[in-house]
Amino acid sequence: MHIFLDTANIDQIRQAARLGIISGVTTNPSLLSKEATSDYETVTKTICSIIGGPVSVEVLAEDAESMIEEARLKASWAPNVNIKIPITADGLQAMTVLSKENIKVNMTLCFSVNQALLSALAGATYVSPFVGRLDDIGHDGMQLVKDIIDVYKNYPHLSTQVIAASLRHPLHCIAAAKAGAHIATVPYNVLMQMIQHPLTDIGIKRFLADWKSVSK
Ligand code: G3P
């Protein structure tokens, strides 16, 4: 399973990139708003200069024609830009046109297997089931990830990759990996939680203390 970083924060992306384990970044308008900027182009170009892998950039238009135009423009910002499009009838229509132009699309706001199936049929490179938001309303978000993967496996010609998104804690990441998600996109704080373990910290302290006791 690949790990993407789910943020538009440049400092966090720089720090995570140094770890050498991040293969892409996903953004959305809400994440941009947290950075108090509406300059999506500058932020995207900066992220793409740090991360060579796929960087998902969301369209704001709601009708198919405008989505296509916006996607073409945003895809021109950098070679590794992927376009995030919400799964609606207009989104699928736009997806179908963009896939013929080799523009990679991440179909987002996925909350059902049917939405994931239709996204794959329209030629999506990625589909993003939002695990945490389903959990929020009392549904089993990770079950959706498992079901999508099971259905895709029945049809090997479908090449759409599943990005487990809206992940809120490290257990979500383990469950996504067990489910066979191709990618987990995680907020920076969750990435840090994935690294840390109190026994590792205690172990380091003990090793150093034992070493000091004999190396005077
Ligand atoms: O990748 C999607 C993600 O940004 C949504 O997360 O926590 O707003 O549901 P959240």
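Structure shown above.
Q: Whenever I open this one, the overall build of the protein chain confuses me. Can you help?
A: When helices and strands are counted, the protein chain shows eleven helices and eight strands. Across its three principal directions, the C-alpha atoms of the protein chain cover 75 × 40 × 30 Å. A buried classification covers 46% of the 216 residues belonging to the protein chain. Contacts in the protein chain between residues far apart in sequence, at least 24 positions, make up 56% of those at least 6 positions apart. Computing the positive centroid from 18 side-chain charges and the negative centroid from 20, the protein chain places the two 12 Å apart.

Q: Help me understand the sheet that holds strand β4 (residues 81–86) in this model?
A: The strand order β1-β2-β3-β4-β5-β6-β7-β8 describes a closed barrel built from eight strands, whose pairing is parallel. For this sheet the average axis-to-axis angle between neighbouring strands, irrespective of direction, equals 25 degrees. Both strand β6 (residues 126–129) and strand β7 (residues 161–164) contribute to a ladder of two bridges, which runs parallel. Looking at β7, one finds that valine 127 is bridged to valine 162. Where helix α6 (residues 113–121) meets the sheet, its contacts fall on β5 (105–110) and β6, and the angle it forms with β5 comes to roughly 165 degrees.

Q: Would you explain the pattern of salt bridges in this entry?
A: Side chains bearing opposite charge may pair, as long as their charged atoms lie close to each other. Scanning the model with the defined rule gives four salt bridges in all. Glutamate 70 is the partner of lysine 74 in a salt bridge, and the nearest nitrogen-oxygen pair spans 2.6 Å. Remark: glutamate 70 and lysine 74 occur in helix α4 (residues 64–75); sequence separation between them is four residues, near one turn of the helix. This pair shows no difference in class: lysine 74 is buried, exactly as glutamate 70 is.

Q: What should I look at first to understand the site of the ligand in this one?
A: Around the ligand, the neighbouring residues are Asp6, Asn28, Phe130, Arg133, Ala165, Ser166, Arg168 and Thr185. Contact between the ligand and aspartate 6: an oxygen atom at 2.7 Å from a side-chain N or O atom of the residue. Residue asparagine 28 places a side-chain N or O atom 3.0 Å away from an oxygen atom belonging to the ligand. Out of a free accessible area of 310 Å², the ligand has 81% covered by protein chains. Residues of the shell around the ligand, tallied by class, amount to two nonpolar, three polar and three charged.

Q: Hey, could you run me through a nonpolar patch on the surface in this one?
A: Residues Leu19, Ile21 and Ile195 make up a contiguous nonpolar surface patch of about 270 Å² in total accessible area. The residue isoleucine 21 is located in the loop between α1 (10–19) and β2 (22–26) in this model.

Q: Any chance you could explain the side chain of asparagine 9 here in plain terms?
A: Along the chain, asparagine 9 turns up in the loop between β1 (2–6) and α1. A distance of 2.8 Å separates a polar side-chain atom of asparagine 9 from the backbone nitrogen of glutamine 12.

Cut-offs and rules
Residues numbered from 1 in each chain as written. Predicted model: local features only at pLDDT ≥ 70, side-chain atom pairs only at ≥ 80, totals over all residues. Heavy atoms only, no water. Helix = DSSP H or I, 4+ residues; strand = E, 2+ residues; numbered from the N terminus. Buried < 20%, exposed > 50% of the residue type's maximum accessible area, 1.4 Å probe, protein only. Contact = heavy atoms within 4.5 Å. Lys, Arg positive; Asp, Glu negative; His and termini not counted. Charge placed at Lys NZ, Arg CZ, Asp CG, Glu CD. Pairing = 2+ DSSP bridges. Axes fitted to C-alpha atoms, helices over the stretch in contact; angles between N-to-C directions. Salt bridge = Lys/Arg side-chain N within 4 Å of Asp/Glu carboxyl O. Near = heavy atom within 4 Å. Polar contact = N/O pair within 3.5 Å; in protein donor to acceptor, adjacent residues only side chain to side chain. Areas by Shrake-Rupley, 256 points an atom, 1.4 Å probe, with all protein chains shown as cover. Nonpolar A, V, L, I, M, F, W, Y, C, P; charged D, E, K, R; others polar. Patch = residues over 30% accessible without salt bridge, like charges linked within 9 Å, V, L, I, M, F, W, Y side chains within 5 Å.

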